[in-house]
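If you want the building blocks of each chain, they are given just below.
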Amino acid sequence: DAGVIQSPRHEVTEMGQEVTLRCKPISGHDYLFWYRQTMMRGLELLIYFNNNVPIDDSGMPEDRFSAKMPNASFSTLKIQPSEPRDSAVYFCASSASSGGSYEQYFGPGTRLTVT
Amino acid sequence: SQQGEEDPQALSIQEGENATMNCSYKTSINNLQWYRQNSGRGLVHLILIRSNEREKHSGRLRVTLDTSKKSSSLLITASRAADTASYFCATGSSGSARQLTFGSGTQLTVLP
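Below: a short report on this structure. (Residues numbered from 1 in each chain as written. Chains lettered and ligands numbered in written order. Predicted model: local features only at pLDDT ≥ 70, side-chain atom pairs only at ≥ 80, totals over all residues. Heavy atoms only, no water.)

**Concerning the overall build of chain A**
Next, step 1: Within chain A one finds 0 helices and 11 strands.
Next, step 2: Taken over the C-alpha trace, chain A has a radius of gyration of 13 Å; the compact-globule value for 115 residues is 13 Å, and the two agree within 12%.
Next, step 3: Overall, chain A is about 45 × 25 × 25 Å in size when its C-alpha atoms are taken along their principal axes.
Next, step 4: Counting every atom, chain A has about 5,700 Å² of accessible surface; 49% of that belongs to carbon and sulfur.
Next, step 5: For chain A, the centre of its 10 positive side-chain charges and the centre of its 13 negative side-chain charges are spaced 4 Å apart. (Helix = DSSP H or I, 4+ residues; strand = E, 2+ residues; numbered from the N terminus. Rg over C-alpha atoms; globule rule 2.2 N^0.38 Å. Areas by Shrake-Rupley, 256 points an atom, 1.4 Å probe, with all protein chains shown as cover. Lys, Arg positive; Asp, Glu negative; His and termini not counted. Charge placed at Lys NZ, Arg CZ, Asp CG, Glu CD.)

**Quick look at the state of the cysteines**
Residue and element names in this part refer to chain A.
Next, step 1: Considering all chains together, one arrives at 2 disulfides over all chains under this definition.
Next, step 2: Paired by a disulfide, Cys 23 and Cys 92 hold their sulfur atoms 1.8 Å apart. Between Cys 23 and Cys 92 the sulfur-sulfur dihedral comes to about -65 degrees; the bridge is accordingly left-handed. Here the residue Cys 23 occupies a position in strand 3 (residues 19-24), and Cys 92 occupies one in strand 9 (residues 88-95), the gap between them amounting to 69 residues. (Disulfide = S-S within 2.5 Å.)

**A word on the pairing of strand 5 (residues 42-50) of chain A**
All names here are of chain A.
Next, step 1: Across the 9 residues that make up strand 5, a large majority, 9, are buried.
Next, step 2: Here strand 4 (residues 31-38) runs beside strand 5; their pairing, made up of 8 bridges, is antiparallel. Paired with Leu 32 across the bridge in strand 5 is Phe 49.
Next, step 3: Taking the residues between adjacent antiparallel strands as the criterion, strand 4 and strand 5 are bridged by 3 residues.
Next, step 4: Linkage of strand 5 to strand 6 (residues 53-56), two consecutive antiparallel strands, is achieved through a turn of 2 residues, within which Asn 51 is found at a positive phi near 50 degrees. (Buried < 20%, exposed > 50% of the residue type's maximum accessible area, 1.4 Å probe, protein only. Pairing = 2+ DSSP bridges.)

**Looking at the sheet that holds strand 1 (residues 5-7) of chain B**
Residue and element names in this part refer to chain B.
Next, step 1: Taking strand neighbours across the sheet as the criterion, the 5 strands line up as 1-3-8-7-6 in an open arrangement whose pairing is antiparallel. Pairing within the sheet leaves two strands with one partner each, and these edge strands are strand 1 and strand 6 (55-58). The sheet shows a mean angle of 20 degrees between the axes of neighbouring strands, taken without regard to direction.
Next, step 2: Bridge count for strand 1 against strand 3 (residues 19-24) is 3 bridges, and the pairing is antiparallel. Along strand 3, the bridge assignment pairs Glu 6 with Cys 23. (Axes fitted to C-alpha atoms, helices over the stretch in contact; angles between N-to-C directions.)

**Topic: the layout of surface pockets**
Next, step 1: The computed volume of the largest pocket comes to approximately 710 Å³.
Next, step 2: Forming the walls of the largest pocket are 34 residues, and the residues nearest its centre are Gln 37, Thr 38 and Met 39 of chain A together with Gln 37 and Phe 88 of chain B.
Next, step 3: Elements with a contribution of two residues or more to the lining of the largest pocket: strand 4, strand 5, strand 9 and strand 11 (110-114) of chain A together with strand 9 (85-93) and strand 11 (106-111) of chain B.
Next, step 4: Per-class residue counts for the lining of the largest pocket are 10 nonpolar, 20 polar and 4 charged. (1 Å grid on protein atoms, 1.4 Å probe; cavity = no way out; pocket = protein on both sides within 12 Å on 5 of 7 lines; lining within 4 Å. Points joined across faces, edges and corners; volume = space filled by probe spheres on them. Nonpolar A, V, L, I, M, F, W, Y, C, P; charged D, E, K, R; others polar.)

**Thoughts on the pattern of salt bridges**
When charged atoms on two side chains of opposite charge get close, those side chains can pair.
Next, step 1: Counted by the stated rule, this structure contains 11 salt bridges over all chains.
Next, step 2: For Glu 62 of chain A, the salt bridge goes to Arg 85 of chain A, with nearest N and O atoms at 2.8 Å. With Glu 62 of chain A in the loop between strand 6 and strand 7 (65-71) and Arg 85 of chain A in the loop between strand 8 (74-79) and strand 9, this residue pair connects regions lying 23 residues apart in the sequence.
Next, step 3: Between Lys 56 of chain B and Glu 53 of chain B there is a salt bridge whose closest N-O contact spans 3.9 Å.
Next, step 4: Exposure remark for Lys 56 of chain B: the relative accessible area of 28% places this residue in the partly exposed category.
Next, step 5: Linked by salt bridges that have partners in common, Glu 62, Arg 64, Glu 83, Arg 85 and Asp 86 of chain A make up one network. (Salt bridge = Lys/Arg side-chain N within 4 Å of Asp/Glu carboxyl O.)

In short, shape yes, function no, at least from these values alone.
Listed below in structure tokens is the structure:
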């Protein structure tokens, strides 16, 4: 299994530009989570999906952030327009409801720098 | 919000020694998990303990949970240089077991 795949691994963009982060969960996993990690705020849950449906987006910081999951194997997190304070590492994680386990499998992350 | 808070924030030990990290949380939980993060990498699940369990083992890892004190500890025995990483506890609440809240982490350095 390839694990959770995220792209790009690094993104450098200028303030005001649109940024799209991509995630492919582990095949068969029906939960997908987006997190943001910064030194100041630690690891924060932004939004999560179950069977492609957003369940809780209360962690999404502002309307500039949006996330979609058009199918079971793909999700995007979009920031438009981006700001320097959005600079962080963004992680995608997936989880399977079968088997009753709650463990999450994380991707390698996308390091976003907004200048 | 950061429900889980790890203690200490940083820990430095010699190879072969045991490392103990603690986690405290505030609300009622369904499960508590520990994850490891190597520098520049994603988090890796280590072990999960459910609210009705008090102790769990996995290899060199031992986790305890005290729901009355709302605390957990992670013990790594016979540490190795490769154990150097940040360790996070994460709690799944009673109302939403799968929605994890992560603590601030403990940076463990194992000196060869």
